Amino acid sequence: MSLNRRTVLVRLSLAALVGGAFLVPRAHTQVPARAAWLDSYREAATRLIHASTSDDFAWRRLAEFTDTYGHRLSGSENLDRAIAWVVDTMKRDGLENVRTEPVMVPRWVRGRESAEIIAPPRHSLAILGLGGSIGTLAGGIEAEVIVVSGFEDLRARAADVKGRIVLFNAPFTTYADTVGYRTGGPWAASRLGAVAALVRGVGPTGLRTPHTGSLQYGQGAAPIPAASVAAEDADRIARLRARGVPVLVRLTMDARSEEDVESANVVGEIRGRERPHEIVLLGGHLDSWDVGTGASDDAVGCIVTWEAARLMMKLGLRPRRTVRIVLWTNEENGLRGATAYAARHAAHAADHVFALESDSGIFEPVSLGFSGSAAARTLIREIGTLLAPVGLTEIVGGGGGADIGPIAHAGNAPMMAYLGNPARYFAIHHTPADTIEHITPKEVSKAAAAIAVMAYVVAEMPERLPK
Ligand SMILES: [Zn+2]
């Protein structure tokens, strides 16, 4: 055992002796000392953590929710039924001002879809049409495939694109770095005369899994059908082409967009006992893609933020400010829920003192991302020391979320994101494998506990969190 390791162990046991109230210093990280101002919150934090981690209630609720309502694409009956159940259940939990706030959302229908290599030898491709894509004609599109490694490669080979199916075959690195091929690739290909686009799944190579998600068509070119293709199939096509073998693919998609339909954000609150107009906003999005059960994206984000409020209610912890849970609609293919919330509450944007979204999964190891002023960050890091008992000690950059973004920007509110391990999250993101089997009860309880403590202290502290 090295001296360093021994020192760490001594500190760990000291931390255990004092109830985990201070953190083991990490190399090169300035960890806040035990802050005296937090003493009045330690008991509440301990109760919230105990209530959450001694029970798998939230995981069972997630299971009931995803088993009963399945995937929940905007405009689907599944989503409507899920919204109604959430409203009823929040009321039964004793949350206050439970309501829906109506939002018009786009309705995209996948229909039947398939793709295959016609020759050489016939091979069925694992695809998922991209959300928002148009369909093909009934007999499908049959064309030779041109493989490009990215946008630069596409431009360099512009003369060869006309009449072809373009396959964007950029290996997954990070979501931020590769999602652009899914959102913008099909339109870039259509501008050069391509008849369809295939995009290598935006996720690590897994079990021959395509990853759906939204695309965006632009001006100046007709939309073309587009689908995600499993990394293994993309690689096979690329190898064939590299050997000079022509690859003929037939793509058939029934996808279509219909008229917008009414959906809703769901809101539930614990009204603040002294400053009810000041809002600590927590949430995730109820809609999902139309594959799997959208368990990680983002049923679990809804369940753990809602659970944070339920735990406060159950333990009789009514903070000074209002804790508001908003479970948004239409994050995946329109962000209409987020924009509608920001518009409806524009006059009160500045009253949002803090906004937290859980939409990156809850897979271990997790961290808390925070975006805000230096003064706010100092306080948040001190509050973060209360989370040592659940092993969550690190406050990193990158707070925010697609749904909280519009209102938080309007009100200049500090933002936090509960950030699950991206390697586990993106392996199943937007795939049929996004089911509860990948999520443990312990991870759910930990997320609910951490969010509850963070939200409670920010809602309870005498001075509002600085902007
Ligand atoms: Zn999401």
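This is a predicted model, so every value here is computed, not measured.

Considering the sheet that holds strand β13 (residues 352-357)
- In space, the eight strands of this open sheet follow the order β1-β10-β12-β11-β13-β16-β14-β15, with mixed pairing throughout. Edge strands, defined here as strands with exactly one partner in the open sheet, are β1 (96-109) and β15 (395-396).

Details of the environment of I270
- Mapped onto the fold, I270 is located in strand β10 (residues 256-270).
- Residue I270 is classed as buried on the basis of its C-beta count, with 27 C-beta atoms lying within 10 Å.
- Here the alpha-carbon distance between I270 and A309, two residues 39 residues apart in the chain, equals 7.1 Å.

A look at the sheet that holds strand β6 (residues 165-168)
- The eight strands lie next to each other as β3-β2-β9-β5-β6-β7-β8-β4, forming an open sheet whose pairing is mixed. Looking along the sheet, the strands with just one partner apiece sit at the ends: β3 (123-125) and β4 (127-129). The mean angle between the axes of side-by-side strands here comes to 30°, regardless of whether they run parallel or antiparallel.
- The sheet contacts of helix α7 (residues 231-242) involve β3, β5 (141-148), β6, β7 (196-200) and β8 (226-229), and relative to β5 the element is tilted by about 85°.

Quick word on the pairing of β6
- Judged by which residues are buried, β6 turns out to be covered on both faces: I165 and L167 on one side and V166 and F168 on the other are all buried.
- In the sheet, β5 pairs with β6 via four bridges, with the strands oriented parallel. Bridging from a neighbouring strand, V145 pairs with I165 of β6.
- The β-α-β motif built from β5, the intervening helix α5 (residues 151-156) and the parallel element β6 has right-handed crossover chirality.
- Pairing analysis gives four bridges linking β6 to β7, with the strands arranged parallel.

A few points about the domain arrangement of the chain
- Partitioning the chain into domains gives domain 1 (19-105 + 260-460) and domain 2 (111-254).
- One C-alpha centre belongs to domain 1, the other to domain 2, and the line joining them spans 35 Å.
- If you look at the interface, domain 1 gives twelve residues, while domain 2 gives twelve residues.
- When its residues are assigned to classes, the side of domain 1 that touches domain 2 shows seven nonpolar, four polar and one charged.

Looking at the nonpolar core
- Counting 99 residues, the largest nonpolar core has L62, V444, I451, A452, V453 and A455 as the members making the most contacts within it.
- Ranked by residue count, the leading element in this core is helix α13 (residues 441-460), at 14 residues.
- Once residues within four sequence positions are removed from consideration, I451 is found in contact with L282, V304, T305, A308, L356, S358 and Y418.
- In terms of nonpolar packing, the next biggest core, distinct from the first, is built from 39 residues, A188, V195, A196 and A197 among them.

Some words on helix α10 (residues 374-384)
- For α10, every residue scored as buried is listed here: A376, L379, I380, I383 and G384. Down the axis of α10, the sector holding all buried residues measures 145°, keeping them to one side. Exposed and oriented more than 90 degrees from the buried face of α10 are A374 and A375.
- Looking at the buried residues of α10, the elements they touch are β14 (367-371), β15 and α13.

Observations concerning unusual backbone geometry
- Cis geometry is found at the peptide bond from D297 to D298, where omega equals 5°.
- With respect to the secondary-structure elements, D298 resides in helix α8 (residues 295-314).
- Positioned with a positive phi, N97 is a non-glycine residue whose angle comes to about 50°.
- For N97, the position within the fold is in strand β1.
- With 13 C-beta atoms counted inside 10 Å, the residue N97 sits in the partly exposed group.
- We note that L335 has phi near 60°; this positive angle belongs to a residue other than glycine.
- As for its placement among the helices and strands, L335 is situated in the loop between β12 (321-328) and α9 (336-344).
- Note on L335: 20 C-beta atoms within 10 Å, which makes it buried.

Here we look at the pairing of β7
- For β7, a buried count of five out of five residues is recorded, marking the element as mostly surrounded by other parts of the structure.
- On the question of chirality, the crossover connecting β6 to the parallel β7 by way of helix α6 (residues 175-191) is right-handed.

Thoughts on the environment of A230
- By the element assignment, A230 lies in the loop between β8 and α7.
- A count of 23 C-beta atoms within 10 Å places A230 in the buried class.
- Sequence separation between A230 and G203 is 27 residues; the distance between their C-alpha atoms is 9.3 Å.
- Each residue touching A230, except ones within four places of it in the same chain, is listed here: A126, G201, R208, T209 and P210.

A closer look at the packing of α8 against α13
- Put simply, α8 and α13 touch, their axes get as near as 8 Å, and they point 55° apart. Between α8 and α13, the crossing angle belongs to the class labelled oblique. The way α8 lies across α13 gives a crossing that is right-handed. Contacts from V300, I303, V304, T305, E307, A308, L311 and M312 of α8 reach α13 at V444, A447, A448, I451, A452, A455 and Y456.
- Residue classes in the contact of α8 with α13 are distributed as 13 nonpolar, one polar and one charged.

How each quantity is defined
Residues numbered from 1 in each chain as written. Predicted model: local features only at pLDDT ≥ 70, side-chain atom pairs only at ≥ 80, totals over all residues. Pairing = 2+ DSSP bridges. Helix = DSSP H or I, 4+ residues; strand = E, 2+ residues; numbered from the N terminus. Buried ≥ 20, exposed ≤ 12 C-beta atoms within 10 Å, placed from the backbone. Axes fitted to C-alpha atoms, helices over the stretch in contact; angles between N-to-C directions. Contact = placed C-beta atoms within 7 Å. Right-handed = clockwise from strand over helix to strand, strands pointing away. Domains from an automatic or database assignment. Nonpolar A, V, L, I, M, F, W, Y, C, P; charged D, E, K, R; others polar. Core = buried A, V, L, I, M, F, W, Y, C linked by C-beta atoms within 7 Å. Arc of directions from axis to C-beta. Parallel < 35°, antiparallel > 145°, perpendicular 65-115°, else oblique. Left-handed = near helix turned anticlockwise from the far one by under 90°.

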